[in-house]
Amino acid sequence: MARINDNFQKLPGNYLFSEIARRVAAYRTENPDRELILLGIGDVTRPLPAAVVAAMHRAADEMGQVSTFRGYGPEQGYDFLRETIAQHDFAARGIKIRADEIFISDGAKSDCGNIVDIFAQDNRVAVCDPVYPVYVDTNVMSGRAGEYDPATGKWSNLCYMPCTRENHFIPEVLQKPVDLVYLCFPNNPTGAVATREQLAAWVNYANACGAIILFDAAYEAYITDPAIPHSIYEIPGAETCAIEFRSFSKTAGFTGARCAYTMIPEALVRDGAHLRDLWNRRQCTKFNGVPYVTQMGAAAVYSPEGAQQVRENLDYYRKNAVCIRNGLLAAGLAAFGGENSPYIWVRTPDGMPSWDFFDLLLKQANVVTTPGAGFGPSGEGYIRLTAFGDAEKTAQAVERIRSIL
Ligand code: PLP
């Protein structure tokens, strides 16, 4: 009889988003006349930039002609996109990442999740708390996380690094060695960004103990402060200790179109093996590349018109973030993030539990948020708001929250 990977049995259900959906549905049934505003969603609402759509149309036409049709593409991505990324995202910022160190994929979620394939089963893993749940769940699935303790909300073999108001939501460098460290800046959910010095401390740590930093830069496009690094490779020494994940999802509206990229420098070696080669082997075996049409659309993000249209969309969301942050600060709440990030992390009033504040905002302001407790134990006492909504509705939601506080 076939046996299953029973690590999957250990995963608690996707409690956070299903519980939000359940509470929202129950409220809607009881109050069908109330209009709810969703500030909890992590998905974008602005459409794809026109330059991207035009490039996708052209690519689709090519696919319909014998002379320009393309079948399977390179598993690593087309050179035209890898080279464009190397030039615009890295060389233009003085960072040495070559096209052959860039792997195009269908999402940063897939890459963050799949990367565990190339690491040993007994690697010790550190994650931020609160955390983007994919880092934890993929380690659970692959048998690295140990046992779940519902009382603490933690897995026995994971090292949780509390990100709290006291440390400005940036984890202190560990005093003990671990093997894999997940860092995500700008952070989901706290909206925090790490300074050059803070990232340098992590790079020094990783190089000293041989750890690998898995650096999720999915929100780097939201950074406006010129002093904040966009890439871990802006830090000297990162090429020997870090893998970086990026995505077109929140930058250019590709959450439905699906395109992302992962950087693995050639200099990244452990146990005598180049991690780039292991990842290449993994991708060639389990992945057949991103559609040509999608990659042509992604390349158009870097065209002069595409870049301008992307900037306009980012500015739209940035204004929402400022509106939320300033509005809630004016209402007397402690609000963090939202400056170099689309996420605003808000302390609940008077130490109210996350889910109680979620219910209060749902029922009295008709605004849907995300309870911080769902992102890990240190998320208790916070809620997450996102800047990805409609501008007018976002302003209205902030007004509603202010009026009930
Ligand atoms: N990384 C972080 C921190 C995210 O918040 C998300 C999406 O919400 C992703 C990765 C996934 O991005 P993608 O759409 O490229 O899979």
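The structure under discussion appears in the preceding block.
Computed from a predicted model, the values in this text were never measured in an experiment.

A. Focus on the overall build of the chain. When helices and strands are counted, the chain shows 13 helices and 17 strands. Taken over C-alpha atoms, the radius of gyration comes to 21 Å for the chain, in line with the 22 Å a tight globule of 405 residues would show. Overall, the C-alpha framework of the chain stretches about 60 × 55 × 50 Å when taken along its three principal axes. The burial tally for the chain puts 54% of its 405 residues in the buried class. Summarising the internal contacts of the chain: among those between residues at least 6 apart in sequence, 73% fall at separations of at least 24.

B. Geometry of the pattern of salt bridges. Tallied over the entire structure, the rule returns 23 salt bridges. A salt bridge links Arg82 to Asp79; its shortest N-O distance comes to 4.0 Å. Placement of the pair is Arg82 and Asp79 together in helix H4 (residues 79-90), with a separation of three residues, close to one helical turn. Residue Arg82 is classed as buried on the basis of its relative accessible area, which comes to 9%. Take Asp79: its relative accessible area is 47%, and that puts it in the partly exposed class. When salt bridges with common partners are traced through the structure, they connect Arg98, Asp100, Glu101, Glu266, Arg276 and Asp277 into a single cluster.

C. Quick look at the site of the ligand. In the vicinity of the ligand there are 14 residues, among which Ala108, Asp216, Tyr219, Ser247 and Ser249 approach most closely. Interatomic distance of 2.7 Å between a backbone N/O atom of Ala108 and an oxygen atom of the ligand. Within the contact set of the ligand, an oxygen atom lies 2.9 Å away from a backbone nitrogen or oxygen of Lys109. Here the ligand loses 90% of its free accessible area of 400 Å² to cover by the protein chains. Listed by contribution, the elements that provide at least two residues to the shell around the ligand are helix H5 (108-114) and helix H8 (249-252). In terms of residue class, the shell around the ligand is built from six nonpolar, four polar and four charged.

What counts, and at which threshold
- Residues numbered from 1 in each chain as written.
- Predicted model: local features only at pLDDT ≥ 70, side-chain atom pairs only at ≥ 80, totals over all residues.
- Heavy atoms only, no water.
- Helix = DSSP H or I, 4+ residues; strand = E, 2+ residues; numbered from the N terminus.
- Rg over C-alpha atoms; globule rule 2.2 N^0.38 Å.
- Buried < 20%, exposed > 50% of the residue type's maximum accessible area, 1.4 Å probe, protein only.
- Contact = heavy atoms within 4.5 Å.
- Salt bridge = Lys/Arg side-chain N within 4 Å of Asp/Glu carboxyl O.
- Near = heavy atom within 4 Å.
- Polar contact = N/O pair within 3.5 Å; in protein donor to acceptor, adjacent residues only side chain to side chain.
- Areas by Shrake-Rupley, 256 points an atom, 1.4 Å probe, with all protein chains shown as cover.
- Nonpolar A, V, L, I, M, F, W, Y, C, P; charged D, E, K, R; others polar.

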